[in-house]
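# Structural overview for review
In case you want the letters, here they are:
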Amino acid sequence: MIIMAEHAGFCFGVKRAVDAISEALKDYPQVWTIGLPIHNPQEVARLESLGLRVADNDSEIPDGAKVLIRAHGEPLEVIERLKARGIDVEDMTCPFVRKAQEKAAQLSREGYYVVLLGDRNHPEIRGILGHVSDKDSAEVVADEHEASQLQFRAKTALISQTTQREERLERIAGILVGKSSELRVCNTICKATAQRQEAARELVRNNQLDGVVLIGGKSSANTGKLRDILEAEGVNVLWVEDEKETDANSSWLTGKFMVGIAAGASTPEWLIDRVTQIIAAKQDLQGV
Ligand code: SF4
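Residues numbered from 1 in each chain as written. Predicted model: local features only at pLDDT ≥ 70, side-chain atom pairs only at ≥ 80, totals over all residues. Heavy atoms only, no water.

The next subject is the overall build of the chain. Each helix and strand counted, the chain has eleven helices and twelve strands in total. Reported as C-alpha extents along the three principal axes, the dimensions of the chain are approximately 70 × 50 × 20 Å. Evaluated residue by residue, the chain yields a buried proportion of 52% over its 288 residues. Partitioning the contacts of the chain with sequence separation of at least 6, the portion at a separation of at least 24 is 72%. Charged side chains in the chain number 35 positive and 44 negative. The centres of these two groups are separated by 3 Å. (Helix = DSSP H or I, 4+ residues; strand = E, 2+ residues; numbered from the N terminus. Buried < 20%, exposed > 50% of the residue type's maximum accessible area, 1.4 Å probe, protein only. Contact = heavy atoms within 4.5 Å. Lys, Arg positive; Asp, Glu negative; His and termini not counted. Charge placed at Lys NZ, Arg CZ, Asp CG, Glu CD.)

In structure tokens, the structure reads:
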């Protein structure tokens, strides 16, 4: 028997951006993104076979190209540079990321010192920071220690990377209360990550599973987090990227009659379907 986690696979923002790329590729022989549109090599390969081109930065994009801004967003100056070159830009920044960008821009204009909670090397954080006009009035903090090092400010606004945990945002807010006369806290956390994590926990807790097949790119941080959660629940986990890897590890499925399936927010549905078919075929052979 196969039991799927209640929330698995593409989140709303990634699906929206990938669908827009697929649509654009019907009208244009090539469509460009800056950076990978998704942390899933199989989906990137599928899109590249249709004409997707991935640039490291905007200067690599040729004149006259069609560009889609991925769900993580980009700094304002990058989008403005592309438009100034007459490049056709379709902005598919996830609406939840957009909200964080707009809050950062607005509160900076209102004189708040903007503190961004997140990973300073993550493109989403670089994009949000890139919407604050006065770069000296904003800073990224990764954790409680960094927050505790901040100077006192009259007005501080705390904004979060969409994938942060609420508990951490609360703890950082608690630290900043003592470091400003006025503190604004914007909860810009998106529920998609937490939903997939909670669904993985419930999958294990609500079923007597022999193991869980976790589907997602090995470079996907959110899939890695799901693996940690599943293992912490004490279940045997097989992490695969695709059906070929599942087939190659089919001995893992031997004797496993109740198998759960979980997938990260960057795993497309077609990959989940293919892996599920391999598991079902193996179970048929075992007479499950
Ligand atoms: S995880 Fe949330 S914020 Fe990020 S792209 Fe998906 S829906 Fe948007």
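On to the nonpolar core, then. V14, V18, I21, I38, L47 and L68 are the most contacted members of the largest nonpolar core, which has 22 residues in total. If you list the elements that add at least two residues to this core, you get α1 (12-27) and α2 (41-50). Per-element accounting of this core gives the leading share, seven residues, to α1. When residues no more than four places from it in sequence are discounted, the contact partners of L47 are V18, I21, S22, L25, P37 and L52. Membership of the second largest hydrophobic core comes to 15 residues, among which are I3, A5, A199 and L214. (Core = buried A, V, L, I, M, F, W, Y, C linked by side-chain atoms within 4.5 Å.)

Right, let's get into the domain arrangement of the chain. Under the domain assignment, the chain is made up of domain 1 (2-7 + 192-285), domain 2 (12-93) and domain 3 (96-189). For domain 2 versus domain 3, the separation of C-alpha centres amounts to 27 Å. Domain 2 puts eleven residues into the contact, and the matching count from domain 3 is eleven residues. Sorting the residues of domain 2 by area buried against domain 3 places H72, L76 and T93 first, and these three jointly supply 50% of that buried surface. Inspection of the region where domain 2 meets domain 3 yields one salt bridge. As a salt-bridge pair, R98 and D91 come within 2.7 Å of each other at their nearest N and O atoms. At the boundary of domain 2 and domain 3, one finds two residue pairs in polar contact (both at pLDDT 80 or more). Here the residues of the side of domain 2 that touches domain 3 are counted per class, giving four nonpolar, three polar and four charged. (Domains from an automatic or database assignment. Buried area = accessible area lost by both parts, 1.4 Å probe. Salt bridge = Lys/Arg side-chain N within 4 Å of Asp/Glu carboxyl O. Polar contact = N/O pair within 3.5 Å; in protein donor to acceptor, adjacent residues only side chain to side chain. Nonpolar A, V, L, I, M, F, W, Y, C, P; charged D, E, K, R; others polar.)

Turning next to the pattern of salt bridges. In the structure shown here, the tally under the stated rule is 18 salt bridges. Here R171 ties to E144 by a salt bridge, and the two come within 2.6 Å at their closest N and O atoms. One end of the pair, R171, is in helix α7 (residues 166-177); the other, E144, is in helix α6 (residues 144-148), with 27 residues separating them in the sequence. Overall, R171 belongs to the partly exposed group, its relative accessible area being 45%. Salt bridges here are not isolated pairs; linked through shared partners, they connect K66, D88 and E90.

Scanning all chains against the criterion turns up two cavities of 30 Å³ or more. Taken as a whole, the largest cavity holds about 40 Å³ of empty space. Taken together, Y113, V115, L150, Q151, R153, T156, L176, K179 and S180 make up the full set of residues lining the largest cavity. Listing elements by their share of the lining of the largest cavity, those giving two or more residues are β6 (113-117) and β8 (153-160). Along the lines of polarity and charge, the residues of the lining of the largest cavity split into four nonpolar, three polar and two charged. Taken as a whole, the second largest cavity encloses approximately 40 Å³ of empty space. (1 Å grid on protein atoms, 1.4 Å probe; cavity = no way out; pocket = protein on both sides within 12 Å on 5 of 7 lines; lining within 4 Å. Points joined across faces, edges and corners; volume = space filled by probe spheres on them.)

In a regular helix each residue adds 1.5 Å, so 17 residues correspond to 24 Å; helix α11 (residues 269-285) covers 25 Å between its end C-alpha atoms and thus fits that length. Where the residues of α11 are buried, they touch β1 (2-4), α2, β10 (211-215), β11 (237-240), α10 (243-248) and β12 (259-263). G287 sits one or two positions beyond α11 and adopts a positive phi of about 70 degrees. (Expected span 1.5 Å × (residues − 1).)

Okay, the layout of surface pockets next. A volume near 1100 Å³ is recorded for the largest pocket. Where the lining of the largest pocket is concerned, the elements lending two or more residues are α1, α4 (95-109), α7, α8 (191-205) and α9 (221-232). The element contributing the most residues to the lining of the largest pocket is α8, with six residues. Across the lining of the largest pocket, the residue classes tally to 16 nonpolar, 15 polar and nine charged. Roughly 260 Å³ of volume is contained in the second largest pocket. Together, 15 residues line the second largest pocket, and F10, K15, P268, E269 and W270 are the ones closest to its centre. Looking at the lining of the second largest pocket, the elements that each hand over two or more residues are α1, α2 and α11. At four residues, α1 tops the list of elements feeding residues into the lining of the second largest pocket. A per-class count over the lining of the second largest pocket returns seven nonpolar, three polar and five charged.

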